[in-house]
Amino acid sequence: RPPLPPGQVLYDTGDVTGTGTLGGTLVSGTIDTITFSVGLASGAKPVDMEKTTIIYADAIRTETLIPVQGFRGDPPDGCWGILEVKDETGGSNNRLEYEEKFVIKINPKAPLVPRQLITISVKTPGSTPLNLRRVSPPTIAQENNILTPM
């Protein structure tokens, strides 16, 4: 992976994908939820996800997403949640530690349309945010829509 900006402790660990709703005859569909994974940079201290802020922005709006109750689970509109922890070390907690990967799902209030530019900013206390800049695909499917990096 490329070097991280100074002060950034999180990095994305794979594809950013969207789950869509297929449109009618004239509309190609929308992406309603976005899933991505984050890991901890080598040598960084563990990150308490309960103190993390996730902001979603597109060309029209910016919204600060609210964590789901208990921080884990499928998020309703306007929320985010931890879906899964890969390579979990120690007991189950909401602290991201080295070698762990947190799979996060966000559900912005406004759906994405084809070819839409978005930014997802994951802010942890005292560090540079992880900014994911992506573009939705030209044709939206029901599953596994890959949002390509800018």
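Each remark here, short or long, concerns the structure printed above.
Residues numbered from 1 in each chain as written. Predicted model: local features only at pLDDT ≥ 70, side-chain atom pairs only at ≥ 80, totals over all residues. Heavy atoms only, no water.

Enquirer: So, the overall build of the protein: which residues are in play, and what are the values?
Expert: Check the secondary structure of the protein and you find zero helices and 12 strands. Put simply, the protein runs from its N terminus to its C terminus through helices and strands in the order β-β-β-β-β-β-β-β-β-β-β-β. Relative to its length of 150 residues, the protein is compact, with a C-alpha radius of gyration of 15 Å against a globular reference of 15 Å. If you line up the protein on its principal axes, its C-alpha atoms span 50 × 30 × 25 Å. When burial is assessed residue by residue, the protein has 46% of its 150 residues classed as buried. For the protein, contacts bridging at least 24 residues in sequence account for 59% of all contacts bridging at least 6. Carbon together with sulfur atoms contributes 53% to the accessible area of the protein, which is approximately 7800 Å² in total. The average position of the 14 basic charges and that of the 16 acidic charges among the side chains of the protein differ by 6 Å. (Helix = DSSP H or I, 4+ residues; strand = E, 2+ residues; numbered from the N terminus. Rg over C-alpha atoms; globule rule 2.2 N^0.38 Å. Buried < 20%, exposed > 50% of the residue type's maximum accessible area, 1.4 Å probe, protein only. Contact = heavy atoms within 4.5 Å. Areas by Shrake-Rupley, 256 points an atom, 1.4 Å probe, with all protein chains shown as cover. Lys, Arg positive; Asp, Glu negative; His and termini not counted. Charge placed at Lys NZ, Arg CZ, Asp CG, Glu CD.)

Enquirer: Just give me the short version of the pairing of strand E3 (residues 30-40), but keep the residues and values in it.
Expert: Both faces of the sheet carry side chains from a regular strand, because those side chains alternate between them. For E3, the tally of buried residues reaches 10 of 11 residues, placing the bulk of the element in the interior. Pairing between strand E1 (residues 10-12) and E3: three bridges, direction antiparallel. Bridged to Tyr11 within E3 is Gly39. Direction of pairing for strand E2 (residues 16-21) relative to E3: antiparallel, over a ladder of five bridges. Its bridge partner being in E3, Thr17 is matched across the sheet by Thr35. As judged from the six bridges shared by E3 and strand E9 (residues 101-107), these two strands associate in the antiparallel manner. (Pairing = 2+ DSSP bridges.)

Enquirer: Describe the environment of Leu96, and please don't skip the residues or the numbers.
Expert: By secondary structure assignment, the location of Leu96 is in strand E8 (residues 95-96). Residue class for Leu96 comes out buried when judged on its relative accessible area of 0%. Residues Leu96 and Arg115 lie 19 residues apart in sequence; the distance between their C-alpha atoms is 32 Å. In this view, Leu96 contacts Leu10, Val38, Gly39, Leu40, Pro46, Val47, Met49, Lys101 and Phe102; residues no more than four positions away in its chain are not counted.

Enquirer: Describe the pairing of E2, listing the residues and the values that go with them.
Expert: Bridge analysis of E2 against strand E12 (residues 145-149) gives three bridges, and the strand direction is antiparallel. Residue pairing across strands places Val16 opposite Leu147, the latter belonging to E12.

Enquirer: Could you give me a rundown of the nonpolar core, with the residues and numbers involved?
Expert: Ranked by internal contacts, the top residues of the largest apolar core, which has 29 residues, are Ile34, Phe36, Ile104, Ile106 and Ile120. Looking at this core, the elements that each hand over two or more residues are E3, strand E5 (53-57), strand E6 (62-72), strand E7 (79-86), E9, strand E10 (117-123) and strand E11 (130-135). By residue number, the principal contributor to this core is E3, which donates five residues. Dropping the residues within four chain positions of it, Phe36 is found in contact with Asp15, Val16, Phe102, Val103, Ile104, Ile106, Ile120, Val122 and Leu132. (Core = buried A, V, L, I, M, F, W, Y, C linked by side-chain atoms within 4.5 Å.)

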